[in-house]
Amino acid sequence: SIKLLCVLVCFLIAFLCNVQSVRYYSHVSFLVSIPIGPCAPGLSPEYVNKAIVRGGQFWSIGLRAFYFSFPLFFWLFGPIPMFICSVVLTILLRFVDSSNEFKHNLQGDEML
């Protein structure tokens, strides 16, 4: 029952983080359409940027919680499937999370 509870908590965290991400992104969609001026005294580009960054952080945490749920699910079948899934997931995330082309483009733009 501890294994099922861990999987359930992982899915709950992933769901809540994704809901928070959608909340921040929808809030930003309203903020972008409001003109800056006396109508919105507290609205600034920095505030909108913070909301976008928070939405991205929640999305990233939620997605990682979903990724983490795969080894937890395989843990239900024993430690060997969990270990194999963890190794495969680590290798997969190594290629998914890194982008050398993007890094080279940033470095090339900075030199100009």
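Refer to the preceding data block for the structure.
Presented here is an overview of the structure given in this document. (Residues numbered from 1 in each chain as written. Predicted model: local features only at pLDDT ≥ 70, side-chain atom pairs only at ≥ 80, totals over all residues. Heavy atoms only, no water.)

## With respect to the overall build of the protein
Phase 1 of the analysis: Along its length, the protein carries four helices and zero strands.
Phase 2 of the analysis: The linear arrangement of helices and strands in the protein, starting from the amino end, is α-α-α-α.
Phase 3 of the analysis: Here the protein holds 112 residues, and 21% of them are scored as buried.
Phase 4 of the analysis: For the protein, the proportion of contacts with a sequence separation of at least 24, taken over those separated by at least 6, is 65%.
Phase 5 of the analysis: Surface summary for the protein: the accessible area is close to 8600 Å², and the carbon and sulfur share equals 73%. (Helix = DSSP H or I, 4+ residues; strand = E, 2+ residues; numbered from the N terminus. Buried < 20%, exposed > 50% of the residue type's maximum accessible area, 1.4 Å probe, protein only. Contact = heavy atoms within 4.5 Å. Areas by Shrake-Rupley, 256 points an atom, 1.4 Å probe, with all protein chains shown as cover.)

## Quick word on a nonpolar patch on the surface
Phase 1 of the analysis: Judged by side-chain polarity, I80, F83, I84, V87, V88, I91 and F95 come together as a nonpolar surface patch covering roughly 750 Å² of accessible area.
Phase 2 of the analysis: Along the chain, I80 falls in helix α3 (residues 79-97). (Patch = residues over 30% accessible without salt bridge, like charges linked within 9 Å, V, L, I, M, F, W, Y side chains within 5 Å. Salt bridge = Lys/Arg side-chain N within 4 Å of Asp/Glu carboxyl O.)

## Overview of the nonpolar core
Inside soluble globular proteins, nonpolar side chains tend to come together where they are buried.
Phase 1 of the analysis: By size, the foremost hydrophobic cluster in this structure holds seven residues: Y24, V28, L31, A40, L43, V48 and A51.
Phase 2 of the analysis: At the level of elements, α1 (2-32) and α2 (45-75) are the ones that each hand at least two residues to this core.
Phase 3 of the analysis: Looking at this core, the element that brings in the most residues is α1, giving three residues.
Phase 4 of the analysis: Leave out the neighbours within four places in its chain, and V48 touches V28, L31, V32 and L43.
Phase 5 of the analysis: Core analysis: the next-biggest nonpolar cluster, separate from the first, contains five residues, V7, C10, A65 and L72 among them. (Core = buried A, V, L, I, M, F, W, Y, C linked by side-chain atoms within 4.5 Å.)

## Details of the environment of F83
Phase 1 of the analysis: Along the chain, F83 falls in helix α3.
Phase 2 of the analysis: On a C-alpha basis, the gap between F83 and P71 in space is 7.4 Å, while along the polypeptide they are twelve residues apart.

## Overview of the side chain of S21
Phase 1 of the analysis: One can find S21 in helix α1.
Phase 2 of the analysis: Judged by its relative accessible area of 0%, S21 falls in the buried class.
Phase 3 of the analysis: A polar contact of 3.1 Å, which involves the side chain of S21, links it to the backbone oxygen of G55. (Polar contact = N/O pair within 3.5 Å; in protein donor to acceptor, adjacent residues only side chain to side chain.)

## Remarks on the packing of aromatic side chains
Phase 1 of the analysis: One pass over the full model with this rule turns up five aromatic pairs.
Phase 2 of the analysis: Plain terms: the ring middles of F11 and F66 are 6.1 Å apart, the flat faces sit at 55 degrees to each other, and that makes the pair tilted. You can see F11 sitting in helix α1 and its partner F66 sitting in helix α2, a full 55 residues away along the chain.
Phase 3 of the analysis: F11 sits in the partly exposed class, given a relative accessible area of 38%.
Phase 4 of the analysis: With relative accessibility at 31%, the residue F66 sits in the partly exposed group.
Phase 5 of the analysis: Here a set of aromatic residues connected by ring pairs shows up, and it is made of F73, F74 and F77.
Phase 6 of the analysis: The ring of Y24 has R23 sitting right over it, with the charged end atom 4.7 Å from the ring centre. (Phe/Tyr/Trp six-rings, centres within 6.5 Å; stacked < 30°, edge-to-face > 60°. Lys NZ or Arg CZ within 6 Å of the ring centre and 35° of its normal.)

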